[in-house]
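# Report on the structure
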Amino acid sequence: MCIRDRYYHQRCAERTCSNCKTKLSNLITTQEMQAAPIIKYQKWDEVPYITKDGRELKNHDFLPAEAAINDFIEMVNSQLCELLAHHNRAKYLDDDWKKVWDNMSRADEFLPDGTEHWWDLPEEQWVDLQVANQFGTVIDYANSYLSEHKEEHMQQFWSHSSTTILGCVMKVAVSKLKDSFFADQAELSKCGRTAAEERMEVLRTLAHHHQPPELTIMHMGITSNPHHDTAGIQHFFEHNLYPWLQENTCLEGARHIVRSDGCAGQMKSGRHFRFIANFHSFTDWNLDCRLIWSHSESCHGKDLSDPECGRAKFILRCHEMRHTADNPTELKTSREQFEHLLKHH
């Protein structure tokens, strides 16, 4: 590819650039091609399967395939125009979201004349900082956690029980969090500070590192429901996320800015768009918030939640791998996994 700054040049992405269009053939020499003219690879393709009731459904998966080197290069070149354009859009949306996420509180916009940053104010004014009445979340389903069977015949013939993990990373201003939140954090850390002292300690840390006066808080929804669909997200919003907001924040009437990937089966579907459009009508639980949902490209835009969900699955797997007959550590149900994470994560 040609040298680029941040995005691929349009002609390069369209594979019409005269400088880089034909360079794929340089990846392999003539001698190498003659020695091994066939390449083996994994091809993403349609896979039909038959259900127990006799219906034929279609899915997609990676299947073994092979092709002549020249044919493979032509195929890659023809598909690069879609891939590069996809990555260009994803990078643009990442840059756009970063401007919102990195300064969700927008505290510096409300400072008095002559004050450049909020940390330049006297400490006694930090608690009463004026901020934008908004908060942000990045939300995504993680790959389901599969409970391990301990015997070889179990692995081959028994079905796996799975647990669905929904990750939700929240960015909220310190001044929008209630004292009860900081009292709980002080109790968990056993630092002996009061809620007010814990709040000031957080603000001092953020000021020392020249960060906006806001916290990133991780939420996880854990369920035995195997479906990664909008119904699970709607349930999580109504019965988990917004009750937590009501208990721990002062965000009534706020803007709730959400980012997710563009997966058509989860958050970019007709049923989910209907949920977004009707969100204002759920007045018994929505705290009079306005929901603004931003979709990134498929498989992009959820990088903030993926590491945390991966960490949760790593903790569960490590615990299960310690299983012995004398010291059983199996976590057979989603409830057991939830309780283990609650105690150890």
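In what follows, the accompanying structure is described. All values derive from a computational prediction rather than experimental measurement.

Of regular secondary structure, the chain possesses 10 helices and 8 strands. Each of the 345 residues in the chain was classed as buried or not, and the buried ones make up 37%. Across the chain, every contact between residues at least 6 apart in sequence was considered, and the portion connecting residues at least 24 apart equals 73%. Accessible surface for the chain amounts to roughly 20900 Å². Of this, 50% is attributable to carbon and sulfur atoms. In the chain, the 38 positive side-chain charges and the 51 negative ones have mean positions that sit 4 Å from each other.

On to the side chain of Ser-334. Structurally, the position occupied by Ser-334 is in helix H10 (residues 334-344). For Ser-334, the side chain forms a polar contact with the main-chain nitrogen of Ser-224, separated by 3.5 Å. Ignoring any residue separated from it by four or fewer positions in sequence, one finds Ser-334 in contact with Ser-162, Thr-163, Ile-222, Thr-223 and Ser-224.

This paragraph deals with the packing of helix H7 (residues 230-248) against helix H8 (residues 270-277). Geometrically, a packed helix pair is captured by the angle between its two axes and the distance between the axes. It is the contact of H7 with H8, at a shortest axis distance of 9 Å, that shows an interaxial angle of 25 degrees. In this view, H7 runs roughly parallel relative to H8, as classed from their interaxial angle. Of the residues in H8, those in contact with Thr-230, Ile-233, Gln-234 and Phe-237 of H7 are Arg-271, His-272 and Phe-275. Per-class residue counts for the contact of H7 with H8 are 3 nonpolar, 3 polar and 1 charged.

Now for the nonpolar core. With 44 residues, the main nonpolar core has Trp-118, Phe-135, Ile-139, Phe-237, Tyr-242, Leu-245 and Trp-293 as its most contacted residues. Of all the elements in the fold, those that place two or more residues in this core are strand E3 (134-141), strand E5 (162-173), helix H5 (179-189), helix H6 (195-208), strand E6 (214-223), H7, H8 and strand E8 (290-295). The biggest single contributor to this core is H7, with 7 residues. Beyond its immediate chain neighbours, meaning those up to four positions away, Tyr-242 contacts Phe-135, Phe-237, His-256, Phe-279, Trp-285, Asn-286, Leu-287 and Cys-289. Of all hydrophobic cores here, the second largest spans 7 residues; its members include Tyr-8, Ala-13, Leu-24 and Ile-73.

Counted under the stated rule, the structure contains 14 salt bridges. Here Lys-58 makes a salt bridge to Glu-46, at a shortest N to O gap of 3.7 Å. Of this pair, Lys-58 sits in strand E2 (residues 56-68) while Glu-46 is found in strand E1 (residues 38-50), placing the two residues 12 residues apart along the sequence. Exposure remark for Glu-46: the relative accessible area of 40% places this residue in the partly exposed category. A salt bridge links Arg-89 to Glu-297, with the nearest nitrogen and oxygen atoms 3.1 Å apart. Placement of the pair is Arg-89 in helix H3 (residues 69-101) and Glu-297 in the loop between E8 and helix H9 (306-321), with a sequence separation of 208 residues. Judged by relative accessible area, Arg-89 falls into the partly exposed class, the value being 42%.

Bringing the packing of H9 against H10 into the picture now. Their axes nearest at 10 Å, the elements H9 and H10 cross at an angle of 105 degrees. Our classification of the angle between H9 and H10 gives roughly perpendicular. Together, Ala-312, Ile-315, Leu-316 and His-319 of H9 and Gln-337, His-340, Leu-341 and His-344 of H10 make up the contact between the two elements. Of the residues belonging to the contact of H9 with H10, the class tally is 4 nonpolar, 4 polar and no charged.

Right, let's get into unusual backbone geometry. A positive phi angle, near 55 degrees, is found at Lys-190, a position not held by glycine. With relative accessibility at 75%, the residue Lys-190 sits in the exposed group.

Reading guide: rules and limits
Residues numbered from 1 in each chain as written. Predicted model: local features only at pLDDT ≥ 70, side-chain atom pairs only at ≥ 80, totals over all residues. Heavy atoms only, no water. Helix = DSSP H or I, 4+ residues; strand = E, 2+ residues; numbered from the N terminus. Buried < 20%, exposed > 50% of the residue type's maximum accessible area, 1.4 Å probe, protein only. Contact = heavy atoms within 4.5 Å. Areas by Shrake-Rupley, 256 points an atom, 1.4 Å probe, with all protein chains shown as cover. Lys, Arg positive; Asp, Glu negative; His and termini not counted. Charge placed at Lys NZ, Arg CZ, Asp CG, Glu CD. Polar contact = N/O pair within 3.5 Å; in protein donor to acceptor, adjacent residues only side chain to side chain. Axes fitted to C-alpha atoms, helices over the stretch in contact; angles between N-to-C directions. Parallel < 35°, antiparallel > 145°, perpendicular 65-115°, else oblique. Nonpolar A, V, L, I, M, F, W, Y, C, P; charged D, E, K, R; others polar. Core = buried A, V, L, I, M, F, W, Y, C linked by side-chain atoms within 4.5 Å. Salt bridge = Lys/Arg side-chain N within 4 Å of Asp/Glu carboxyl O.

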